[in-house]
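# Breakdown of the fold
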Amino acid sequence: PDITCVPLSANRLDDYLAFFDTKAFTDNPRWAGCYCYYPVHDTERTAWAKRTAAENRAEVTACIRAGTTQGYLAYRDGEVVGWCHAGPFSMYPMLRDEPEPESATLGVIFCFVVAPEVRGRGVAAGLLTAACDELRAQGHHIARAKPVKSATGPAANHLGPLALYLKAGFRVVREDGDDVFVEKALT
């Protein structure tokens, strides 16, 4: 499909919320309450399992308005059909336990959500390209992701399919059980 990928901004907040309110998890209602706030929540201050959808929606709204979360929206015919959560390593409190000497120049690709009716049509690939291009423009030298090796189905592939990353030029840097750490030089 004819897809345009753009960075998330406060002026696109309504589009983002409409996507998560109505399309993002129509085939996976168990995750409908996340609003992709999970990657930026503070694991030391927040008990994720006790959070409600309304709380996550309010928090991610505040983050988007404040510019403390980053990602990319995929549009088709003026409507959001996909999302990729990606940004600087420092943006993700949950990664603070992973010492990273190159954290200042490291970009992280966290999640993908693609509307069921357009899956398998290049939306995630377009989002991944947009994320890498923008991370490079922001001065990041490496993009890193952690897909799951044995992921089956859209919900399990929320970190992005391994094949997607490999096709985009990422290389496997290590494996830890079912987790595969991949990186791509952006310079």
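Residues numbered from 1 in each chain as written. Predicted model: local features only at pLDDT ≥ 70, side-chain atom pairs only at ≥ 80, totals over all residues. Heavy atoms only, no water.

With that out of the way, let us pick up the side chain of R144. Relative to the elements of secondary structure, R144 occurs in strand β5 (residues 142-145). For R144, a relative accessible area of 18% gives the class buried. Among residues more than four places away in sequence, those in contact with R144 are E100, L106, G107, V108, I109, V182 and E183. (Helix = DSSP H or I, 4+ residues; strand = E, 2+ residues; numbered from the N terminus. Buried < 20%, exposed > 50% of the residue type's maximum accessible area, 1.4 Å probe, protein only. Contact = heavy atoms within 4.5 Å.)

All right, on to helix α2 (residues 53-66) then. Over its 14 residues, α2 runs 20 Å from end to end, which matches the ideal 20 Å to within 8%, given 1.5 Å per residue. Those residues of α2 that fall on the buried side of the exposure criterion are N56, V60, T61, C63 and I64. One side of α2 holds all its buried residues, which, seen down the axis, span an arc of 165°. Of the exposed residues in α2, the ones pointing more than 90 degrees away from its buried face are A54, R65 and A66. On its buried face, α2 is in contact with α1 (13-22). (Expected span 1.5 Å × (residues − 1). Arc of directions from axis to C-beta.)

On to unusual backbone geometry, then. Non-glycine residue Y35 carries a positive phi angle of around 55°. Mapped onto the elements, Y35 comes out in the loop between α1 and α2. Under the relative-accessibility criterion, Y35 is labelled buried at 7%. Non-glycine residue D77 carries a positive phi angle of around 50°. Its place among the elements puts D77 in the loop between β2 (71-76) and β3 (79-88).

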